[in-house]
Each structure stands twice: as structure tokens, then as C-alpha cells.
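# Inside the fold
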Amino acid sequence: MPTMQTLKFVKREVPPFAAGALHTQAGPVYRATSNWSGADYWGMIKSRVSAFRMSYAVPAGLYAVGDPDKDSDVFVSANYKLSFDVLRRSLKGMNAWVLALDTKSINVWCAAGKGTFGTDELVAKIAEAKLDTVVSHRRLILPQLGAVGVNASGVRKKTGFSVSFGPVHARDIPAYVRAGYKKTKEISTIRFSLLDRMVLTPMEINPAMKKFPWIAAGILLIFGLQPSGILFKEAWFNSLPFLVMALLAVFAGAFVTPVLLPFVPFRSFAIKGWIVGMLPVFLSTHVFNTIDRHDTILLIVAYLLFPALSSYLALQFTGATTFTGMSGVKKELKIGLPIYIGTAGISLVLMIVFKLKEWGVV
Amino acid sequence: MKYLANVATLQYAPDKCTGCGRCVEVCPQGVFVLRQKLAAVTDKDLCMECGACAMNCEFGAISVNSGVGCAAALINSMVTGRPPSCGCDSTAAGCCG
């Protein structure tokens, strides 16, 4: 029977989520608490909004939850700390083993796609943890989305452990175990709820906003440019409607389109984003009259450029969804990219004509 | 929610199927069901080409051209000529949710 011990015999640095350790035949194993600390919540928030997640990891290897013994289930996870945290929280009240693979702090699904949550890594970690001495059974439960990278029959042939793919979400594990390791369609299908989509938008808005100063600088430069140099006062005044529309276009493509995804018509993300991107241009030119509507050139440029910007950003969201495939994205890019480039080119020419007219050259 | 119609590269050969049900177990979109002890495709347009089914079909009954469905990665690969890879390695892109 594993017993509680002091942590002195463990050489690795003690993880903050450890609640004691267990003695096993394969050596000491940390017990991970199922409770989240304030730091765990803060880490989740930071991971959702920034590149912080790229280095948010737990040491790979075997952990215990509760008081597992030789017959307890083994759940396999990634060493991305958010994935690991969600798993240990979901296992609250259960006695189980958790085997964290070294996925370079990347979540199960993405890591499986890259192959780091893969057959070879799983086989290696089973050996490193001496799992065959820790448990007497030969069963592993993997997150369903890990199936993208793990070949179950390959694992059985190499290690003797048979793999079951559990539910998509760790939170459904208790229900899965209670049902005798059976999955309903509900827990084996990936959902993409409003909340799911909302949580993903900061990572759409952030990269876009990093490029926004360049867009703004471009707009300011074009409007401020005079034969005598750059007039900043004029630049600011004349650019303002365009700056606002550009900002709204980013918001339309990186936030509104993802959040309202199922409610915007058409399946193409590029078209969805284009439709949503039309709205701020229409509102600012025809309702709030921010630019002179008789200035046909500016009007055309606004209608060309900003819906296209929103469309491009919406297309980026395909990388974060749960239902878009590579072939579809390729098809959208094949049609969309020439249109985006053409739109940008035509807008540039029109702006040059606009400036020449402003200067009285033509 | 469904993505573009008739683009998924999923191919299934029922004559190789043994009805083990592994594809039903791994597909996160419910593309496969067991009918009369054999796997059947419900709606190909639901397929997101993740590749889990092909990876785990022991009998080679399923093939799918799986890969990164991320616009940024695909554009990158067009520009650089390298195979598309998810932006998780760099701090610039954030395609992995």
C-alpha cells in the first residue's frame, strides 16, 4: 500500500500543486491536489490572453490523485499546465494515476496534431515511469483528442497496455467512469459553444492589435502627406474616421465574427468576416457621416479595405475552431488571398489618385 | 456547425472494415457510426480532417489528408515554402486554442 511520506526523499523541485507524495515500487510519486490555488486561476487567465502559455508546463511524468493503488485507472495527459490542472480538478474525489507526457507545454489536441502527444512519447513515458510496476492492470485512458497522435494498437504492441480513448473533455471523466467506461455521443463530440468561442478571442485580438500601430501609421501618413511635408494636425483630423473604421474592422473580424459564428450566414469564414466587416463601414459612413459621402474615392476605399481586413482576420479564426479542416481553409485561401491582395492594391491606387486630386495635380 | 461542403478528403473503404468501432470512439465530430456491425459515414461534411480515425484504424479502411487547418500556418508555408506548422512554436501566432 502506498503511504504518505514527507517530501524529503523526492529530488525534483516540489510542484506547488503537490499534496504529499506516494511510495510506489517505481519510486516516489507526487500527489497532485484537485484544488486550484489563486496562482492556478491566474495562470489560466494569462494562458488565455498571451504567449505566457508557451512556457506554462508541469514536469512530465507520473502523478497521483487521491490514494491510488495497483488497480487504479491511469489517465494520460499533456504537460501543458492548464490541461493538467483541468484533469486533476476533474478527478476530484477519485483515486487515480496521471501520466503527463512531455508535449512542450502544448495542449493535448495541438500536441497530438504535431505528434508530440504521440505513440512514441507515450511508450517512452510508460517505460520511464515504470508503469508496469506501479499498476498491475494494463489499461490506459487517454483524452479522446489525443487519438490524433496516438495509435492505440501501436501502444499495445510495444507496451502491452491497451488504450481507451475517454471523453473529449476531462470534466466528463467522472460520468464516463460511472457509466462503466462507456461514452455517450454527447461526451465524445466536441462542442463549440458561445463561451468556448469567446474564450478564444483574446488570442485573435491580441496578435491583430500588435499590427494595428502599423495600419494606423499608414493611415496617418497617407492623410498627412502634403507636397510640403507631413502635416500632423491635418493628418490626425482627416485620418480619424479611417482609424476608427480600421479599429472596428479588427473588432469585427477578431471578436464579433468568432462570437456570432453560427449566426452569420454562409459557411466560409472569409465571407462571414466580410459581412460583419461591412457593418462598421456602413454605420460610420451612412449613419454617423464620418466621411464626406460625396468623396467617392474615400467611400470606395473604405468599403473595399475594411470588410477585407475583417474577412482576413475572421479567416484566421479557422485555426482555433473545432470543426474546420485543412482542405477547406486551403480552398478559402486560394480564392481569398488574391482578392485581399487585389483589394489592397486597388485601394492604394485609389488613395494615390485621392492625394493627387487633393494636391490639385489632377 | 459545418464548414465548407464537399472539401473533406476523408475516404472510407467498408470492405476492409471489421466493425471494431475504434473510429466511432475517436471521431470528435460524430462522422462515424456502427450500422449492422460495420462502420458507416454519417455526413462527410462534418469531418474536420483531424486524422484520428485514420491513425487508429488497424485495418487501413480509412484515409484522410490531415494537417494544420490554420490560415496563418498555411499562408506562412506558401511564403516560406516549408510545410505548414502550427504557430505554437513562435510567440507571434496563436493558432492553437
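Residues and elements named next belong to chain B. Evaluated as defined, the whole model comprises 0 disulfides over all chains. Among the cysteines around Cys 23, which has no disulfide bond, Cys 17 carries the closest sulfur, lying 6.1 Å off. Accessibility expressed as a relative area gives 11% for Cys 23, which makes it buried.

Further remarks concern the confidence of the model for chain B. All names here are of chain B. In this model, chain B carries a mean pLDDT of 85, and residues with pLDDT of at least 70 account for 87%. For residues 88-97, every residue scores under 50 in pLDDT, and the model assigns this stretch 26 contacts once sequence neighbours within four places are set aside. The ipTM value of the predicted complex is 0.85, and its pTM value is 0.82.

This brings us to helix H3 (residues 71-80) of chain B. Buried within H3(B) we find Ala71(B), Ala73(B), Leu74(B), Ile75(B) and Ser77(B). Against the buried residues of H3(B) lie helix H13 (296-316) and helix H14 (326-358) of chain A. Directly beyond the C-terminal end of H3(B), a positive phi value near 80° is found at Gly81(B).

Bringing the pattern of salt bridges into the picture now. With the rule as written, the count across this model stands at 17 salt bridges over all chains. The salt bridge partner of Lys158(A) is Asp120(A), with a shortest N-O separation of 3.8 Å. Taken together, the residues Lys158(A) in helix H6 (residues 152-159) and Asp120(A) in helix H4 (residues 119-128) connect sequence positions 38 residues apart. Look at Asp120(A) and you get exposed, because its relative accessible area is 60%. In this structure, the salt-bridge partner of Arg267(A) is Asp45(B), at a minimum N-O distance of 3.9 Å. Of this pair, Arg267(A) sits in the loop between helix H11 (232-259) and helix H12 (269-287) while Asp45(B) sits in the loop between strand S3 (38-41) and helix H2 (52-56), which puts the two residues in different chains. For Arg267(A), a relative accessible area of 32% gives the class partly exposed. Here the residues in one salt-bridge network are Asp40(A), Lys81(A), Asp85(A) and Arg88(A), joined through shared partners.

Analysis parameters
Going along each chain's sequence as written, the residues are numbered from 1 onward. Just so you know, chain letters begin at A and ligand numbers begin at 1, following the order they were written in. A pLDDT threshold of at least 70 governs which residues receive local features in this predicted model, and a stricter bar of 80 or more applies before side-chain atom pairs are shown or counted, although totals over entire chains, interfaces and linings include all residues. Computation of side-chain values: all heavy atoms of the structure, hydrogens and water removed. The disulfide criterion used throughout: a pair of cysteine sulfur atoms within 2.5 Å. The buried label goes to any residue with under 20% of its type's maximum accessible area, the exposed label to any with over 50%, and the partly exposed label to all in between, with areas taken from a 1.4 Å probe on protein chains only. Each residue gets a pLDDT score, which is the predictor's confidence in that residue and runs from 0 to 100. Contacts between residues were defined by any pair of non-hydrogen atoms, one from each residue, lying within 4.5 Å. Secondary structure counts use DSSP, requiring at least four H or I residues in a row for a helix and at least two E residues in a row for a strand, with both numbered from the N terminus. Definition used for salt bridges: Asp or Glu carboxyl oxygen within 4 Å of a side-chain nitrogen of Lys or Arg.

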